[in-house]
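# Structural features, examined
Single-letter residue listing:
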2 protein chains.
Amino acid sequence: MKELIAKYREKGFKLTPQRLAILKFLDGNTGHPTAEDIYNSIKKIYPTVSFATVYNTLQTLGDKGEILEITIDPQKKHYDPNPNPHHHIICLGCNKIGDIFEDYSEALRLPNRIVEEFKPVGNHINFYGICRECQKKQKRRN
Amino acid sequence: MKELIAKYREKGFKLTPQRLAILKFLDGNTGHPTAEDIYNSIKKIYPTVSFATVYNTLQTLGDKGEILEITIDPQKKHYDPNPNPHHHIICLGCNKIGDIFEDYSEALRLPNRIVEEFKPVGNHINFYGICRECQKKQKRRN
DNA sequence: TTACCAGATTAGAATTATTCTAATCTAAAT
DNA sequence: ATTTAGATTAGAATAATTCTAATCTGGTAA
Ligand SMILES: [Mn+2]
Ligand SMILES: [Mn+2]
Ligand SMILES: [Zn+2]
Ligand SMILES: [Zn+2]
């Protein structure tokens, strides 16, 4: 927590109580929360916190490279408290998201015709699957 | 066009003029239109067409495996008239989308701890890059 | 310690994509 | 020609996100 404060103060990040609550929520969090998840959690301590604050803070943290926005659920944005490059698998039944830390970069060579048109800057693999829980539910239904 | 009609009639797909216009728009289209792109195009011929029809038709076509929904632009859904599995690169400047037909499946082995938790059903790689046009714009700005 | 102000917070409105509703219409089977 | 399951429509509803403009406050420097 002390480190958290020091880390962000160094970066010229104004540390308000609301922001600290958000940082604390994200710190070490291995999930992939939505803005709403974060809002609901912060609201317990700061009942007047607004969605705008949550979105503003997430935007700022994203700009600073402290979190990632992941484009995997077409319904809403998820945020990844772990900004190290990695991939994800999403359950097509319940949208549960899992981390995949394999490094596939060697294999992900782009064809020439693409490299001529785009300067590559990164990549992200969305794996799709059915989680164990949802597999059970499907069997029950049959 | 005749083939189009035959193909969909076979599948028990009721062929209305609006649907034919949508099918015609999508047939052989190598872009990645949004619902709005399609709506705007169809509206020229059927000015009373509604967004609901576009979304309904896209949903039905998706269910039939004739098109894909691609989750790459957090702002809006894009649809891919080419349902064969392939990957995409998106320009971080202008959101232009390019197709990548490389087959990386051999390399995309999932770690055991994931396979224990999820039954894999597919994957899709989002590459990110800057297109030539946007590279030029950036240089002008500097 | 205090005064200051750039930047943060807030409530609520606005925007935007998408889905829903319920009345009407129509393709195509009979 | 009749029938009807399914398609179309206008418009309302929903939901995620962004914007606005008034107010507040953390951190700096006198
Ligand atoms: Mn992750
Ligand atoms: Mn494509
Ligand atoms: Zn699941
Ligand atoms: Zn571009």
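Residues numbered from 1 in each chain as written. Chains lettered and ligands numbered in written order. Predicted model: local features only at pLDDT ≥ 70, side-chain atom pairs only at ≥ 80, totals over all residues. Heavy atoms only, no water.

Turning our eyes to something else, we now look at helix 2 (residues 17–26) of chain B. For helix 2 of chain B, the full list of buried residues reads Arg19, Leu20, Ala21, Ile22, Leu23 and Leu26 of chain B. Gly28 of chain B occupies a position one or two residues after helix 2 of chain B and carries a positive phi of about 75 degrees. (Buried < 20%, exposed > 50% of the residue type's maximum accessible area, 1.4 Å probe, protein only. Helix = DSSP H or I, 4+ residues; strand = E, 2+ residues; numbered from the N terminus.)

Inspection of the sheet shows strand 3 (residues 87–91) of chain A paired to strand 5 (residues 118–131) of chain A by four bridges, in the parallel sense. Pairing of Cys91 of chain A across the sheet is with Gly129 of chain A, part of strand 5 of chain A. Alignment of strand 5 of chain A against strand 5 (residues 118–131) of chain B, held across 13 bridges, turns out to be antiparallel. Bridging across to strand 5 of chain B, Tyr128 of chain A finds its partner in Gly122 of chain B. (Pairing = 2+ DSSP bridges.)

Moving on: the nonpolar core. Formed by 26 residues in total, the largest nonpolar core has its most connected members in Tyr104, Leu108 and Phe127 of chain A together with Tyr104, Leu108 and Phe127 of chain B. Where this core is concerned, the elements lending two or more residues are strand 3 and strand 5 of chain A together with strand 3 (87–91) and strand 5 of chain B. Other than its neighbours up to four places away in sequence, Tyr104 of chain B contacts Ala107, Leu108, Arg109, Leu110 and Pro111 of chain A together with His87, Ile125 and Phe127 of chain B. The next biggest cluster of nonpolar side chains, apart from the first, holds 18 residues, and it includes Tyr8, Phe13, Leu15 and Val54 of chain A. (Core = buried A, V, L, I, M, F, W, Y, C linked by side-chain atoms within 4.5 Å. Contact = heavy atoms within 4.5 Å.)

Before going further, it helps to spend a moment on the relation of the copies chain B and chain A. Superposition of chain B onto chain A requires a rotation of 180 degrees combined with a translation of 0.0 Å along the rotation axis, giving an RMSD of 0.1 Å. On this basis, the relationship between the two copies can be described by a two-fold rotation axis. Measuring from the rotation axis to each C-alpha of chain B, the shortest distance belongs to Ile125 of chain B, at 2.2 Å. Comparing contact sets, 100% of the residues at the interface of chain B also lie at the interface in chain A, consistent with an isologous, same-surface contact. (Least-squares fit on C-alpha atoms with pLDDT ≥ 70 in both.)

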